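# Reading the structure
The primary structure of each chain is shown beneath.
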Amino acid sequence: MKAAVMRAPKAPLSIEDVTISKPGPREVLVRLKAIGVCHSDVHFWDGAFPAELPVILGHESAGIVEQVGSMVSAVKPGDHVISILSPFCGTCEYCLTGHMSVCHTVNREQFQRAPTEAPRLSIGKEKVGQFLNLSSFAEQILVHENTLCVVDKDMPLDRAALIGCGVITGVGSVFHSAQVEPGSTVAVIGCGGVGLAAINGAAIAGASRIIAVDLSDEKLQLAVRFGATEVINPSKGNAIEKVKEITKGGVHYSFECVGAKQTAEMAYHMLRPRGVATIIGMIQPGVNIEIPGIELLVTEKRLQGAVMGSNRFRIDFPRLVDLYKQGRLHLDDLISDRIGLDGITAAMQNLKDNKGSVARQVVVLS
Ligand SMILES: [Zn+2]
Ligand SMILES: [Zn+2]
């Protein structure tokens, strides 16, 4: 099968013939139909986060099941599926207490092949790294069955793919991590794919004020389409003061969707007492966040993180598909461009350059 292979940081991905193994007992072979290009791919491509090379990036995908292993029960050939980078084991403390999104961070090896087994991906004798349990910049993926969720066949797969990372991360953080209440006030910092999904989620949850914060006026205009009631461009004034003015003292919930020290601290400082700031952006290893310690006590403000929207994806994905079909989840507006596998390098460069118009660029395969 063809895949876009990363051989060196920042170098163009090369389209190569890659050998993909046959499914083991709990593995599933999926023919991909659509793959979103996410900012997290860029973090590994530009070397900000380490990757084992060569590797196939990509982690936001949807497709059709082709072949299943002998013990697979969750999916069958012909099923339309959305993938997720956070598989669950179903038996650990986190899974059994309903926090299955954390499982993959502690049980990583369970979802991969042992070093003694043949690799899932290879080129000749060379092993190719599988990125985040998926490696989706490819025509096919071979994954653990618990990375997949079946969805209705009438759901368009290019839009379904977005649910698997950006949308569940944004919407899930609002629904599950912060549990935004109807009538409450929300600020979302960063209006890329994840931020727009968080804004959309806050609108569905019934927030009374949804304040979008971004340096790009173009993205702020897009944010209004997703449900933002106010927009703030921090290059034109103090965003924290503006949020406090609009909400008479600060928001109940803030979401940081950039992944930087300054915006994480901004998310905290925008809160009113008892408010909750949720960090969704990927903050680089070694970067620390500073907040005034005494405020935690005096104001009861809270700062928390959320991985993959604290998802329970086999429950969440079909619900999100329904919300899309009802016109409440705006996946159509999230797609800014449709490209081929050979367009991924340029797509990642667009994200890195922070082009205002880029929401989600989606690879579409026939
Ligand atoms: Zn992603
Ligand atoms: Zn588990």
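Here, the structure is the one placed above.
Rules behind the numbers
Residues numbered from 1 in each chain as written. Chains lettered and ligands numbered in written order. Predicted model: local features only at pLDDT ≥ 70, side-chain atom pairs only at ≥ 80, totals over all residues. Heavy atoms only, no water. Helix = DSSP H or I, 4+ residues; strand = E, 2+ residues; numbered from the N terminus. Rg over C-alpha atoms; globule rule 2.2 N^0.38 Å. Contact = heavy atoms within 4.5 Å. Lys, Arg positive; Asp, Glu negative; His and termini not counted. Charge placed at Lys NZ, Arg CZ, Asp CG, Glu CD. Donors = N, O, S within 2.8 Å, 3.2 Å for Na, K, Ca; no water. Buried < 20%, exposed > 50% of the residue type's maximum accessible area, 1.4 Å probe, protein only. Salt bridge = Lys/Arg side-chain N within 4 Å of Asp/Glu carboxyl O. Patch = residues over 30% accessible without salt bridge, like charges linked within 9 Å, V, L, I, M, F, W, Y side chains within 5 Å. Areas by Shrake-Rupley, 256 points an atom, 1.4 Å probe, with all protein chains shown as cover.

### Quick word on the overall build of the protein
When its secondary structure is counted, the protein shows 11 helices and 20 strands. Here the C-alpha atoms of the protein give a radius of gyration of 20 Å, agreeing with the 21 Å that 2.2 N^0.38 yields for 366 residues. Judged by the C-alpha coordinates and their principal axes, the protein covers about 60 × 40 × 40 Å. If you take every contact in the protein between residues at least 6 apart in sequence, the share linking residues at least 24 apart comes to 71%. Counting 36 positive and 37 negative side-chain charges, the protein places the centres of these two groups 2 Å from one another.

### Some words on the coordination of the zinc ion (ligand 1)
Ideal values for angles at a metal depend on the geometry: 109.5 degrees with four tetrahedral donors, 90 or 180 degrees with six octahedral donors. Distances from the zinc ion (ligand 1) to its protein donors, C38 (SG), H59 (NE2) and C165 (SG), fall at 2.0 to 2.2 Å. For H59, a relative accessible area of 0% gives the class buried.

### Things to note about the pattern of salt bridges
Counted by the stated rule, this structure contains 24 salt bridges. Residues R26 and E145 are paired through a salt bridge, measuring 3.0 Å at the closest nitrogen-oxygen approach. Of this pair, R26 sits in the loop between β3 (19-20) and β4 (27-37) while E145 sits in the loop between β11 (140-144) and β12 (148-151); the two residues are 119 residues apart in sequence, bridging distant segments of the chain. Take R26: its relative accessible area is 33%, and that puts it in the partly exposed class.

### Topic: a nonpolar patch on the surface
Among the surface-exposed residues, I294, L297 and V298 lie close enough to one another that they form a single nonpolar patch of about 350 Å² accessible area. Tracing the backbone through its elements, the reader meets L297 in helix α9 (residues 293-299).

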